[in-house]
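So the chains spell out like this:
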Number of protein chains: 4
Amino acid sequence: MSVRVAVAGASGYAGGEVLRLLAGHPEVEIGALTGNSNAGQRIGALQPHLVPLADRVLEVTTAEVLGGHDVVFLALPHGESAAVAEQLGPDVLVIDMGADFRLTDPADWERFYGSPHAGTWPYGLPELPGARVALEGSKRIAVPGCYPTAVTLALFPAYAAGLIEPEAVIVAASGTSGAGKTPKPHLLGSEVMGSASPYGVGGGHRHTPEMSQNLGAVAGEPVSVSFTPTLVPMSRGILATCSARAKDGVDAAAVRAAYEKAFADEPFVRLLPEGQWPATASVHGSNAAHLQVAYDESARRVIVISVIDNLTKGTAGGAIQSMNIALGLPETTGLSTVGIAP
Amino acid sequence: MSVRVAVAGASGYAGGEVLRLLAGHPEVEIGALTGNSNAGQRIGALQPHLVPLADRVLEVTTAEVLGGHDVVFLALPHGESAAVAEQLGPDVLVIDMGADFRLTDPADWERFYGSPHAGTWPYGLPELPGARVALEGSKRIAVPGCYPTAVTLALFPAYAAGLIEPEAVIVAASGTSGAGKTPKPHLLGSEVMGSASPYGVGGGHRHTPEMSQNLGAVAGEPVSVSFTPTLVPMSRGILATCSARAKDGVDAAAVRAAYEKAFADEPFVRLLPEGQWPATASVHGSNAAHLQVAYDESARRVIVISVIDNLTKGTAGGAIQSMNIALGLPETTGLSTVGIAP
Amino acid sequence: MSVRVAVAGASGYAGGEVLRLLAGHPEVEIGALTGNSNAGQRIGALQPHLVPLADRVLEVTTAEVLGGHDVVFLALPHGESAAVAEQLGPDVLVIDMGADFRLTDPADWERFYGSPHAGTWPYGLPELPGARVALEGSKRIAVPGCYPTAVTLALFPAYAAGLIEPEAVIVAASGTSGAGKTPKPHLLGSEVMGSASPYGVGGGHRHTPEMSQNLGAVAGEPVSVSFTPTLVPMSRGILATCSARAKDGVDAAAVRAAYEKAFADEPFVRLLPEGQWPATASVHGSNAAHLQVAYDESARRVIVISVIDNLTKGTAGGAIQSMNIALGLPETTGLSTVGIAP
Amino acid sequence: MSVRVAVAGASGYAGGEVLRLLAGHPEVEIGALTGNSNAGQRIGALQPHLVPLADRVLEVTTAEVLGGHDVVFLALPHGESAAVAEQLGPDVLVIDMGADFRLTDPADWERFYGSPHAGTWPYGLPELPGARVALEGSKRIAVPGCYPTAVTLALFPAYAAGLIEPEAVIVAASGTSGAGKTPKPHLLGSEVMGSASPYGVGGGHRHTPEMSQNLGAVAGEPVSVSFTPTLVPMSRGILATCSARAKDGVDAAAVRAAYEKAFADEPFVRLLPEGQWPATASVHGSNAAHLQVAYDESARRVIVISVIDNLTKGTAGGAIQSMNIALGLPETTGLSTVGIAP
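Quick caveat, the model's predicted, so the values are computed rather than measured.

**Describing the environment of K184(C)**
Thinking step 1. Following the sequence through the fold, K184(C) ends up in the loop between strand 7 (167-174) and helix 8 (189-192).
Thinking step 2. Since its relative accessible area comes to 37%, K184(C) is described here as partly exposed.
Thinking step 3. Setting aside residues up to four positions removed in sequence, K184(C) forms contacts with P183(A) and L188(A).

**A word on the sheet that holds strand 1 (residues 3-8) of chain D**
Residue and element names in this part refer to chain D.
Thinking step 1. The strand order across the open sheet formed by 6 strands is 3-2-1-4-5-6, and the pairing between neighbours is parallel. In the strand order of this sheet, the two ends are held by strand 3 (59-60) and strand 6 (140-142), each with one partner.
Thinking step 2. Pairing of strand 1 with strand 2 (residues 28-35) involves 5 bridges; the strand directions are parallel. Bridge pairing links V3 to V28 in strand 2.
Thinking step 3. Sheet contacts for helix 1 (residues 13-22): strand 1, strand 2 and strand 4 (71-74); angle to strand 1, the most-contacted strand, approximately 160°.

**Some points on the interface of chain B and chain A**
Thinking step 1. Listed per partner, the contact involves 40 residues of chain B and 40 residues of chain A.
Thinking step 2. Taken together, the two surfaces of chain B and chain A that pack against each other cover about 3200 Å², and 64% of this comes from carbon and sulfur.
Thinking step 3. Counting every contact that joins chain B to chain A gives 2 salt bridges.
Thinking step 4. Between R245(B) and E167(A) there is a salt bridge whose closest N-O contact spans 2.7 Å.
Thinking step 5. Contributing elements (two or more residues each) for the side of chain B that touches chain A: strand 7 (167-174), helix 8 (189-192), strand 8 (197-198), strand 9 (224-231), strand 10 (238-245), strand 12 (289-296) and strand 13 (301-308) of chain B.

**So, helix 5 (residues 106-113) of chain B**
It helps to recall that an α-helix has 3.6 residues per turn; residues three or four apart then point in one direction.
Residue and element names in this part refer to chain B.
Thinking step 1. Listed as buried for helix 5 are D108, W109, F112 and Y113. Each buried residue of helix 5 sits inside an arc of 100° when the element is viewed along its axis, so together they form one side.
Thinking step 2. Looking at the buried positions of helix 5, the neighbouring elements they touch are helix 9 (208-219).
Thinking step 3. Its side-chain oxygen placed 2.8 Å from the backbone nitrogen of A107, D105 serves as the N-cap of helix 5.
Thinking step 4. One or two residues past the end of helix 5 sits G114, with phi positive at roughly 70°.

**Observations regarding the relation of the copies chain B and chain A**
Thinking step 1. When chain B is fitted to chain A, the best match, at an RMSD of 0.0 Å, comes from turning it 180° and sliding it 0.0 Å along the axis. When the rotation and shift are considered jointly, the pair of chain copies conforms to a two-fold rotation axis. The position closest to the rotation axis in chain B is occupied by the C-alpha of P233(B), lying 2.9 Å away.
Thinking step 2. In this assembly the copies share their binding face: 100% of the residues contributing to the interface of chain B also contribute to that of chain A.

**Brief notes about the side chain of S322(C)**
Thinking step 1. Inspection of the secondary structure assignment puts S322(C) in helix 11 (residues 312-327).
Thinking step 2. If near-sequence neighbours (up to four positions away) are discounted, S322(C) is found in contact with G124(C), L125(C), P126(C), L135(C) and I141(C).

**Observations concerning the sheet that holds strand 6 (residues 140-142) of chain C**
Note on sheets: strands pair through backbone hydrogen bonds, and any given pair is parallel or antiparallel.
All names here are of chain C.
Thinking step 1. If you trace the 6 strands from one edge of the open sheet to the other, you get 3-2-1-4-5-6, paired in parallel fashion. Each edge of the open sheet carries a strand with a single partner, namely strand 3 (59-60) and strand 6.
Thinking step 2. Inspection of the sheet shows strand 2 (residues 28-35) paired to strand 3 by 2 bridges, in the parallel sense. Pairing of T34 across the sheet is with E59, part of strand 3.
Thinking step 3. In the packing of helix 1 (residues 13-22) onto the sheet, the strands contacted are strand 1 (3-8), strand 2 and strand 4 (71-74), and the crossing angle to strand 1 comes to about 160°.

**Re the confidence of the model for chain A**
In low-pLDDT segments, the atomic positions of the prediction should not be examined closely.
Thinking step 1. With 100% of its residues at a pLDDT of 70 or more, chain A shows a mean pLDDT of 97.
Thinking step 2. Here the complex is predicted with pTM 0.98, and the ipTM for its interfaces comes to 0.97.

**Some points on the pairing of strand 4 of chain C**
Residue and element names in this part refer to chain C.
Thinking step 1. Neither face of strand 4 is exposed, since V71 and F73 on one face and V72 and L74 on the opposite face are all buried.
Thinking step 2. Where strand 1 meets strand 4, 4 bridges bridge the pair, whose relative direction is parallel. When the bridges of strand 4 are listed, A6 appears paired with V72.
Thinking step 3. Here strand 4 runs beside strand 5 (residues 93-96); their pairing, made up of 4 bridges, is parallel. Note that in strand 5 the partner of V71 across the bridge is L93.

**Comments concerning the interface of chain D and chain A**
You'll often see interface size given as the accessible area lost when the parts meet.
Thinking step 1. In this complex, chain D contributes 30 residues to the contact, which on the side of chain A involves 30 residues.
Thinking step 2. Summed over the three residues of chain D that lose the most area to chain A, namely H49(D), I340(D) and P342(D), the buried surface amounts to 26% of that side.
Thinking step 3. Linking chain D with chain A are 0 salt bridges.
Thinking step 4. Along the contact surface separating chain D from chain A lie 10 residue pairs in polar contact (both at pLDDT 80 or more).
Thinking step 5. Mapped onto the side of chain D that touches chain A, the elements with two or more residues apiece are helix 1 and helix 2 (43-46) of chain D.
Thinking step 6. If you tally residues by element for the side of chain D that touches chain A, the top one is helix 1 of chain D, at 3 residues.
Thinking step 7. Of the residues in the side of chain D that touches chain A, the class split is 14 nonpolar, 11 polar and 5 charged.

**Some remarks on the relation of the copies chain D and chain A**
Thinking step 1. When chain D is fitted to chain A, the residual RMSD is 0.0 Å, and the transformation amounts to a turn of 180° plus an axial shift of 0.0 Å.
Thinking step 2. With an isologous cut-off of 70% or more, the 100% of interface residues of chain D that recur at the interface of chain A puts this contact in the isologous class.

**Digging into the UniProt feature "active site" (unreviewed entry) in chain A**
All names here are of chain A.
Thinking step 1. Annotation from UniProt places "active site" (unreviewed entry) at C146.
Thinking step 2. Among the structural elements, C146 can be located in helix 7 (residues 146-160).
Thinking step 3. With sequence-adjacent residues up to four places away left out, C146 is seen in contact with H207, I238, I308, N310, G314 and T315.

**Notes on the domain arrangement of chain A**
All names here are of chain A.
Thinking step 1. Partitioning chain A into structural domains gives domain 1 (3-143 + 315-327) and domain 2 (147-308).
Thinking step 2. Buried surface at the junction of domain 1 and domain 2, summed over both partners, amounts to about 2000 Å²; 54% is from carbon and sulfur atoms.
Thinking step 3. Contact with domain 2 buries surface across domain 1, with Y13, F112 and E127 losing the most and accounting together for 31% of the total.
Thinking step 4. At the junction of domain 1 with domain 2, the criterion picks out 3 salt bridges.
Thinking step 5. A salt bridge links R236 to E17, with the shortest nitrogen-to-oxygen separation between them at 2.6 Å.
Thinking step 6. At the level of elements, helix 1 (13-22), helix 5 (106-113) and helix 11 (312-327) are the ones that each hand at least two residues to the side of domain 1 that touches domain 2.
Thinking step 7. Here the residues of the side of domain 1 that touches domain 2 sort into 9 nonpolar, 8 polar and 7 charged.

**Side note on the pairing of strand 12 of chain B**
Residue and element names in this part refer to chain B.
Thinking step 1. Of all 8 residues that make up strand 12, 8 are buried, and the element is covered over most of its length.
Thinking step 2. The alternating pattern of strand 12 places A289, L291, V293 and Y295 on one face and H290, Q292, A294 and D296 on the opposite face, and all of these are buried.
Thinking step 3. Taken together, the 3 bridges between strand 11 (residues 269-271) and strand 12 define a ladder with parallel strand orientation. Looking across to strand 12, one finds that L271 is bridged to L291.

**A short note on the state of the cysteines**
Residue and element names in this part refer to chain C.
Thinking step 1. Following the criterion strictly, the structure yields 0 disulfides over all chains and no others.
Thinking step 2. We note that C146 lacks a disulfide partner, and the nearest cysteine sulfur, in C242, lies 13 Å from it.
Thinking step 3. With a relative accessible area of 12%, C146 lands in the buried category.

About the thresholds
Each residue is numbered by its place in its chain's sequence as written, counting from 1. Written order decides the labels, with chains lettered from A and ligands numbered from 1. With pLDDT at 70 or above as the cut-off, local features in this predicted model cover only qualifying residues; side-chain atom pairs require 80 or more to be listed or tallied, and sums for whole chains, interfaces and linings still use all residues. With hydrogens and water excluded, all non-hydrogen atoms of the structure serve as input to the side-chain values. A run of H or I in DSSP becomes a helix once it reaches four residues, and a run of E becomes a strand once it reaches two; helices and strands are each numbered from the N terminus. For each residue, the accessible area found with a 1.4 Å probe, counting protein chains only, is set against the maximum for its type, and the residue is called buried under 20%, exposed over 50%, and partly exposed in between. Note on definitions: a residue-residue contact is assigned when non-hydrogen atoms from the two residues lie within 4.5 Å. In this scheme, strands are said to pair when DSSP sees at least two bridges between them. For helices, the fitted line uses only the C-alpha atoms of the stretch in contact; every axis is such a line through C-alpha atoms, and the angle between N-to-C directions lies from 0 to 180 degrees. Accessible area that two parts lose when put together, with a 1.4 Å probe and added across both, is what the buried area reports. One side-chain nitrogen of Lys or Arg within 4 Å of one carboxyl oxygen of Asp or Glu is enough to make a salt bridge. Taking the helix axis as origin, the arc is that swept by the directions to the C-beta atoms. Two N or O atoms count as a polar contact when they lie within 3.5 Å, although within protein this holds only if one can serve as hydrogen donor and the other as acceptor, and sequence-adjacent residues are included solely when both atoms are side-chain atoms. Here the copies were fitted onto each other by least squares, based on C-alpha atoms from residues at pLDDT of at least 70 in both. Summary of the metric used: pLDDT quantifies the predictor's per-residue confidence within the range 0 to 100. Residue polarity is assigned by list, with Asp, Glu, Lys and Arg as charged and Ala, Val, Leu, Ile, Met, Phe, Trp, Tyr, Cys and Pro as nonpolar; anything else, Gly included, falls into the polar class. UniProt positions are given in the numbering used here, feature names are shortened, and annotations may be inferred rather than shown by experiment. These domain boundaries are the output of an automatic or database domain assignment. Count a disulfide wherever a pair of cysteine sulfur atoms falls within 2.5 Å.

This is the structure we're talking about:
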């Protein structure tokens, strides 16, 4: 099979990562690459690590340029995908790496993004119960946010097994690439190195309703999420520390069993052996998620740690995993569980 | 006044930091410096940043060498302070930067350290209600652990004001200097850079009972603490994200008011203006703690973020602040709230 | 004495560093602080590490605001100092941390900066032969560039002693704060962490003529400088690796003797013991320079390594050191050789 | 083809990297993995990023264990390869990633390593003139050191074209993984982060004679090398700044032409477009080398910058590239020029 693929927003971090993975995907041919402010520039000047694509030139993001491909990845600012997507025909597989089509409740969208809701597409987290069926053959896919990917993988098995109360507390440490490539003072290397800091504290982060949506669907009841994201001095990686009060009668063995069962057949999720804790370096550049679980008997809480590469499993790798499913390819095609370490 | 000071364990990170601060303290004279495996070596070879002390030579840690000083700082491995301290006379101010004398409940000590409990000394966190009175004139001081310092400052005002439930959830990111200077594979720069990872998850960290002890004393009831420490790629700094369920009727204004009141007169604790979040870089090398509070209405939790430099306010700076109080010096002598940034 | 000091450009990295040091200087009182795009903002929002100045508000940079102080520090973009300085009276000590008044040859200025040359002021590198005399009582001081500070300290003793040929080869690694606080894509943390890269290769860096000027004056003949600056993943610090071919008859002992003699009485320059190599961490936040020398018999080159903190000894600390001399204060007032490590 | 491969020293950084690449190599099957102090442990505990190999167990390094494979990679401490290699039959392709068989002159070996010289094997830098012919069909390969790889690629074209004098000056910045995985105090993350420092200054680094050997062979005359390696705060990557005096009549166009010609057909070496400077992040995890050249007219020096990933092109990737040639496989099999950035 040779699938012809276009990428809109190819100069940013998400666009660059999807290109990095597509360059090694045996079933695709890379077609048009677009940007707006960078149109006319060579990829080699913008993404110097993508050597095989160095002489490709960015075009302007239009439906004409993107049309005529089998698959179009949209790596656009939140709120810009809908306008592009509706001009692409129903036969094109459109994979949105932005937030536009993730939320099911229009009220959530409007509260966090302040604009009309564009709709809801099949959700590209294949590990979530029922997700693969919705993705097979779909022509529209909403790729999850990076934090919701890490957090949903960490907590859905406990909710599916009825082990924890519906009040989750999550603190996540993220590398700075999650904040994008647009220069801002607080993202300067001088500010970031040697510093850890939170942002969007107190329920303000836009990924919060997406987590509640995913976990609530599995739990069968509303799940409140207290979510605090923090920036730490690394380019890539998310470490999510997730916990909730254990329900009565839960013990450590029940927790471990639930997670072993949930991920036994998952190609990209690895529950580490007992006693080994995840580190983001182990999944650098890979599509793997590493997890570990604990039961704190004294505090009566179940604690789950997950790590992913925010740009790979958290964005572009997850997008390609979902593309593979939609196209009927083996799910792991062009993706790896091997990280680049140290 | 000229106070003659000795430091035991001068080759490690805590010892080096106390020397850095003592070198700028106008009322002290630095006397004996000791180490064990490094005895006979020059400070310049071990702590090359301490230029004025470069030609000092480390002696062996014995009561003879340490005796005859007005103040002795102990920066020794946990469990080694008691033997040294009991040989130092009752007129010497002994300040232990290890864990030996922090806990009040012998059962806590034995559970986490596995040896007999040595006793309990006045606790060197002056901001804690009642602490200053206990420190004034004291000849023995137990310096708090770095995590308990960050966490206690973050949460005691909420407990003192009766705003939150006695189940605290804490996730803290720490720089690697908190793990000490003894070489271990997982602390290599190659492993640490680009990686975030947890450790001691599920109640296993030795600082957990110290947090419960501090917060419970203020709350007037037992406080359970779910504590997850993580290592992030920086040398110094702790970012503690602390939360608990709000009691009924609590709102954002009540939370802010409690913190403004608690820290109005504190020279080293700064509650940031609303909307500004703490960053560890801002307290790098300083004795300041920066805090911010939030009330998450949706999750009904009070969230408090604190940052400190683990070696300064979290260890050596806190030690000197307590020494100043014990000696009757102005509390801020030789200490600064100015961080080294960027 | 209480010297009243103003700082123009107080929101940037050089301005922040001079304020950090002034806040601990016992003889100064901090007066007006100015910025342009940031005028009206609180220092606490822009420089959160400067706690004691947090509630100060930036004013617009004008001669009216800056006038009426004993000392004015200019931390302005290159080319903007001259216009401000000429409006400040001859009784005000004006210390320019920009490049405007460093070069003696107008042709050098015009070639590298493309504008008319504003003049030449006494040069604020006290360790350079003859510099202190020119600074005493001066009302105008040009603070050296950060790279020229590191490189001149490294090589002038060898030129003064006639040990090396007049063709110096220099490669310097710098932390990113040297590139300033204006957000640019290549300075983002995501780009900087995990990456080392050169810039201004082949003679294009504006600090090159300043190095040639300093070294040529000491050598008594023109010195050509091949200078390659590189950015490495740290916020602060310069490591300069400097070498030149040894003249005939030179040996290792002669090299070491020249450096011991040159810096025997310098309060801020430390020639490390043989066998110990400098590290930028040792001078983090301090006004010290650490040096080491080697003679490579096989390649017949003298190699000198120097490290400084680019913002302290390389900019703001050097500026205050020169201010102290100009005002007749002890040269080390308010400055320290103690670094913040690890 | 299915080539059966063993790796001795599989718990270290070089061994881990060769396994990372072999795991994605379509023509190999991974056989025995050995270590000594780690024998009996699972790869998952030692190299958690190598998920597909997690349950493999390390065996002791013996000829019995390693025998019976088509290819054996030796990632052993310097001086230990010879004893193992001589027990492996002449039909086994032995690829030594240590230093034992790199040098041609026994005197060089003895001076820098202090033990008898074991011999000289075909040198695994395929880009060097004549190297591919020597590698084809060879059963023994000496993989170059990481610094010599970066430096030789940077300078051999200028020597081959007779453009520069035989006195090269090289300063290289390296990530810490080049120093290996054995814990040492100066390699701790706390020491490394925020710090740049040199080592082996003045001709003492063991990679110096290897550079002279490579460049002298191309130049047709002895080339002296002044080499200063430095450690900078990143895990991977080498940035080599290499220069030499230009011969009379050389100009910028001649320099560029020589490099364009030298690398026109090289699959892994990329001469960047004029005006673009290399960054180590662009080659992170890839087998590419990026180069840029400059001619400094004022200093009359040719300056060449090269970047590689020290573990990939500098060690394990170069080893596999050479293996491919020796086995008659396409040279790029299992290797990529795409880096992992940001």
